[in-house]
Each structure stands twice: as C-alpha cells, then as structure tokens.
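Each chain is listed here by its residues.
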Amino acid sequence: MKSDPREIVVGSQEMRQVMSLAERAVRNDFAVLLLGESGVGKEVIARYIHQRSARSDGPFVAVNCGAIPETLFEAELFGFERGAFTNAFASHRGHFEQAHHGTILLDEVSELQLALQVKLLRVLEEKSVTRIGAEREIQVDARIIAASNVNLQNLVREGKFRKDLYYRLAVSIIFIPPLRERKGDIESLSNCFLRKYTTMKKTLSREALLKLTHYEWPGNVRELEYCIVRSIIDSDGREIIKADEIHFLEDDIHSGSTIERRAYEEALRNASGNINSVSRQLGVHRNTVYNRIRRLNIDLFRYRNGHTVPQ
C-alpha cells in the first residue's frame, strides 16, 4: 500500500465513526459522497479511501468543480481533440481519462450548473466519455468520490441539483463533523502539524492548548494547520509555544495584525516563491494564496529563484 500524503488523526469518537465508514468504503467500489464544512479534511479522507482500496495502484485525480468555468467544464473533464476549437493545438485527456483504473474526486460538486450535471450524469451511467471534436466514445473505469460543503438533499428539494445525479453519487455517505464538534482531535492534530512543519521538538504549553481548545474554528482543520504554522514562526527558536503566540485568523482580520503577512512571507521563503508549495504548507487553495498575496501587497517575485531579493 502507498503511504498517506497526510497523517489522519483519530482522537475523538466522532472521527472514529468517520474512519469506520471510510474503512467500509475501502472494501467496496461504490460511489462515496463526503459531506462537511470547508476545511474539515474531505480530500484527506478521499485519498485515504483510494490508497487503501483495490485501486491504490491507479491514479487519484482531484477536481475542484467550483473552480472550472462553465465554458471549460467539458474540455477539462472529458478532454478534446486537436483542432476541436481555437487554440486546441494538441489532443487533451480529460480528468476522467486521467483517472482510468483509479479514483476521481469531484470536489464542490454542488457548484455544478444543472446543464453540466446532465453531462456528468451521462458519464456516470455510460462509464464513457466523448472528447470534444471526437466521434467515438472512450471507456473509463474510475471510482467516483464526490464532496460537498452543503447539504445536497436541500439542493435537490430546491430544484438546484438533479435527484438522479444525487442517487448516483450518494451510494455511501460520510459526514465529517466540524472541528468544533470534535475537539478531542485538536491536541493530536496540533502535534501532527508541529512535526510536519519543524524539525525542532516544539510543544504547546498547557495555556496554549487550552486557548486552541476553547476556540470555535470556523475554518476547521485547515485553519488549525495555518494557526500552528504561524505559532512556529512566532516561537522562533524556543521549544515551548506560549499562549500569546497563538493567533487566530479571525483575530488577524479584525485587528489588522501583521501575523498573516509574516506567515505568507515565511512560506514563500521556504518555497522559493512556488505557489503550489505555499498552498500545501498553509493548507489553503492556490487561488486563495494568490488573492492573499495581492491583498497583503506582498511582492511575489522577491521570493522567486530560491532567494530573497533585499528591499
């Protein structure tokens, strides 16, 4: 079996229930629907299921449906032939073809417009795709895992999500609770992130851990990861992280704190300006990284080419 890209922490009863359902999904090949707020770790669970399933030797392809413009949806998911449209200078394998014999994660599936839902449903029913500009169908064998941060049943009742597509995706449903409802995971998650981002044996003081435990975590595990990264920066060379070195994103936004800027600058330095690496370090989408860099007025090019250009 391949190793997990990220450690999964199971300290609370709530997460033990999640992992029990995930283990059931590992043993079959049915579609899975992951539900939960943004930042709870839906992609982590999806990768866990894939890497312990019979498809573990195949590819895992993650698709953010909400980030694909409607005009590019078919091209991105189903592919296209050379000359199919302007600037189609070469044939392109879509995400479903890329996931052949593996798993495809359809994240933010609730963002799909109804017209696109119809096209996706046909692929799931026929198990084949037709590239734009092609005449023949291509058979694809990919397990479907969908993820959503909203209740799809509500969207079905409102006529915003197709009932037949919902039934195709929701064969097995796993709800991942928000971090505020599984605070038994906070200490273990924090220690996991400390090991991930520093080689020093840093630990949280009792007061720092209490501060983390009493917070409501609107950004869930992703925000906790970001918080720990910033605390590492603030604690500098000291092994014990104090309570006053724990800063929450909401506090930074409201107070105009410079901590967020420092966290991004440190991540950019470590990554030599590579946005994908910064995205992984901070646990936020690369588009968010670009937006925050612009908002914080950080000169990205200072961090490129492996060194920081003096101001």
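Higher on the page you've got the structure.
Cut-offs used in this document
Residues numbered from 1 in each chain as written. Predicted model: local features only at pLDDT ≥ 70, side-chain atom pairs only at ≥ 80, totals over all residues. Heavy atoms only, no water. Pairing = 2+ DSSP bridges. Helix = DSSP H or I, 4+ residues; strand = E, 2+ residues; numbered from the N terminus. Axes fitted to C-alpha atoms, helices over the stretch in contact; angles between N-to-C directions. Contact = heavy atoms within 4.5 Å. Buried < 20%, exposed > 50% of the residue type's maximum accessible area, 1.4 Å probe, protein only. Polar contact = N/O pair within 3.5 Å; in protein donor to acceptor, adjacent residues only side chain to side chain. Disulfide = S-S within 2.5 Å. Core = buried A, V, L, I, M, F, W, Y, C linked by side-chain atoms within 4.5 Å. Parallel < 35°, antiparallel > 145°, perpendicular 65-115°, else oblique. Nonpolar A, V, L, I, M, F, W, Y, C, P; charged D, E, K, R; others polar.

Asker: Residues and numbers for the sheet that holds strand β2 (residues 60-64), please.
Answerer: As summarised here, the arrangement of the five strands in space is β2-β3-β6-β1-β7, forming an open sheet in which the pairing is parallel. Each edge of the open sheet is held by one strand with a lone partner, namely β2 and β7 (172-175). Along the sheet, successive strands turn relative to each other by an average axial angle of 20°, direction set aside. Both strand β3 (residues 103-107) and strand β6 (residues 143-148) contribute to a ladder of four bridges, which runs parallel. Within β6, the residue paired with Thr-103 across the bridge is Arg-143. Across the sheet, helix α1 (residues 13-26) touches β1 (32-35), β6 and β7, and the angle it forms with β7 is around 155°.

Asker: Quick rundown of the environment of His-101? Include the residues and the values.
Answerer: Looking at the element boundaries, His-101 is found in the loop between α4 (95-98) and β3. Residue His-101 is classed as partly exposed on the basis of its relative accessible area of 47%. For the pair His-101 and Ser-172, spaced 71 residues apart in sequence, the C-alpha to C-alpha distance is 20 Å. The residues touching His-101, leaving out its near neighbours within four places in the chain, are Arg-55, Gly-58, Pro-59 and Asp-141. Separated by 3.2 Å, the side chains of His-101 and His-100 make a polar contact.

Asker: Residues and numbers for the state of the cysteines, please.
Answerer: In total, this model carries zero disulfides according to the counting rule given. Free of any disulfide, Cys-192 has its nearest cysteine sulfur in Cys-227, 15 Å distant.

Asker: Hey, could you go over the nonpolar core for me, with residue numbers and the actual values?
Answerer: Residues Phe-96 and Phe-161 are the most contacted members of the largest nonpolar core, which totals 35 residues. Looking at this core, the element that brings in the most residues is helix α5 (residues 114-126), giving five residues. Contacts of Phe-161, omitting those with residues within four sequence positions, involve Val-109, Ser-110, Leu-114, Gln-117, Leu-152, Leu-155, Val-156, Tyr-166 and Leu-169.

Asker: Any chance you could break down the environment of Ala-115 for me, citing the residues and the numbers?
Answerer: Among the structural elements, Ala-115 can be located in helix α5. Linking Ala-115 and Arg-162, residues 47 residues apart in sequence, is a C-alpha distance of 9.9 Å.

Asker: I'd love a proper account of unusual backbone geometry, names of residues and values included.
Answerer: Phi at Lys-127 is positive, roughly 55°, even though this residue is not glycine. Within the secondary structure, Lys-127 sits in the loop between α5 and β4 (128-129). With a phi close to 55°, Trp-217 is a non-glycine residue in the positive phi region. On the secondary structure map, Trp-217 appears in the loop between α9 (206-214) and α10 (220-235).

Asker: Before we move on, could you go through the packing of helix α13 (residues 275-282) against helix α14 (residues 286-295) and cite the residues and values that matter?
Answerer: In the contact formed by α13 and α14, the axes pass within 9 Å of each other and the chain directions differ by 100°. With respect to their mutual orientation, α13 and α14 come out roughly perpendicular. For the pair formed by α13 and α14, the contact residues are Ile-275, Asn-276, Val-278 and Ser-279 on the first element and Arg-286, Val-289, Tyr-290 and Ile-293 on the second. A per-class count over the contact of α13 with α14 returns five nonpolar, two polar and one charged.

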